[in-house]
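# Chain and residue survey
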Amino acid sequence: MGKEYVTKASAELYEVMLGKGYPQEFAAIVANELHTEFTANRMIGYLNKFDKLPLEEVADEMLAIISDRDRIAQKHILEHSQSKINEMYRDQYDNPEEP
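Residues numbered from 1 in each chain as written. Predicted model: local features only at pLDDT ≥ 70, side-chain atom pairs only at ≥ 80, totals over all residues. Heavy atoms only, no water.

### Quick word on the packing of aromatic side chains
Rules: The criterion for an aromatic pair is that two Phe, Tyr or Trp rings (for Trp, the six-membered ring) have centres within 6.5 Å, with stacked assigned to planes under 30 degrees apart, edge-to-face to planes over 60 apart and tilted to the rest. The rule is simple: take the accessible area with a 1.4 Å probe, protein chains only, and divide by the maximum for that residue type; under 20% is buried, over 50% is exposed, in between is partly exposed. Charge-over-ring contacts are defined here by two conditions on Lys NZ or Arg CZ: a distance within 6 Å of the ring centre and an angle within 35 degrees of the ring normal.
Evaluation of the coordinates by the stated rule reveals two aromatic pairs. Aromatic pair Y22 and F26: ring centres 6.1 Å apart, planes at 45 degrees, arrangement tilted. Accessibility assignment for this pair places Y22 and F26 in one class, buried. Relative to F50, the ring of Y46 has its centre 5.4 Å away and its plane inclined at 65 degrees; by these criteria the two rings are edge-to-face. Above the ring of Y22, the side-chain terminus of K52 is found at 5.1 Å from the ring centroid.

The structure is reproduced here in structure tokens:
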């Protein structure tokens, strides 16, 4: 393979893409962008449904996967922030300052 990837799944994605005949540079870009187990495995599953898709369709799916990943990450950040705000209100209610 010649290149180190962050996860085993991203390395596997690279190999799957090469095996399907995609250009090495394109496969490397996709594997680097989909560097988590979740995203790489999702793309592998998508690619395994078809013999060979046009580069544009693979790129489009890569962008959709990245968008989903970012949306999920943002949701977790917002949930954590809301939890901290709720904790702050709860502490303020349980321990009101005296005037």
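Back to the text.
### Examining the pattern of salt bridges
What counts, and what does not: Counted as salt bridges are all cases of a side-chain nitrogen of Lys or Arg within 4 Å of a carboxyl oxygen of Asp or Glu. Helix and strand definitions follow DSSP, with helices as H or I runs of at least four residues and strands as E runs of at least two, each counted in order from the N terminus.
In total, this model carries five salt bridges according to the counting rule given. In this structure, R42 and D68 form a salt bridge, with 2.7 Å as the shortest nitrogen-oxygen distance. Here the residue R42 occupies a position in helix 3 (residues 37-48), and D68 occupies one in helix 4 (residues 55-94), the gap between them amounting to 26 residues. Overall, the relative accessible area of 27% leaves R42 in the partly exposed class. Linking D68 and R71 is a salt bridge whose minimum nitrogen-to-oxygen distance equals 2.9 Å. Within this pair, D68 and its partner R71 are both found in helix 4, separated by three residues, close to a single helical turn. According to the relative accessible area criterion, R71 is exposed, its value standing at 53%.

### Overview of the packing of helix 2 (residues 24-33) against helix 4
Between two packed helices, both the angle of their axes relative to each other and the distance between the axes serve to describe the pair. Just so we agree on the cut-off: Whenever a helix is involved, its axis is fitted only over the stretch in contact; in every case the axis is a line through C-alpha atoms, and angles between N-to-C directions fall within 0 to 180 degrees. By the definition adopted for this analysis, an angle is roughly parallel if under 35 degrees, roughly antiparallel if over 145, roughly perpendicular if from 65 to 115, and oblique otherwise. Contacts between residues were defined by any pair of non-hydrogen atoms, one from each residue, lying within 4.5 Å. Each residue is assigned to one class: nonpolar for Ala, Val, Leu, Ile, Met, Phe, Trp, Tyr, Cys and Pro, charged for Asp, Glu, Lys and Arg, and polar for all the others, Gly among them.
Running from N to C, helix 2 and helix 4 cross one another at 10 degrees; their axes reach a closest spacing of 10 Å. When the axis of helix 2 is compared with that of helix 4, the two are roughly parallel. Contact with helix 2, carried on its side by F26, V30 and E33, involves L55, V58, A59, M62, I66 and R69 of helix 4 and no other residues of that element. Considered class by class, the residues forming the contact of helix 2 with helix 4 number seven nonpolar, no polar and two charged.

By themselves, these are just geometric observations and shouldn't be taken as functional.
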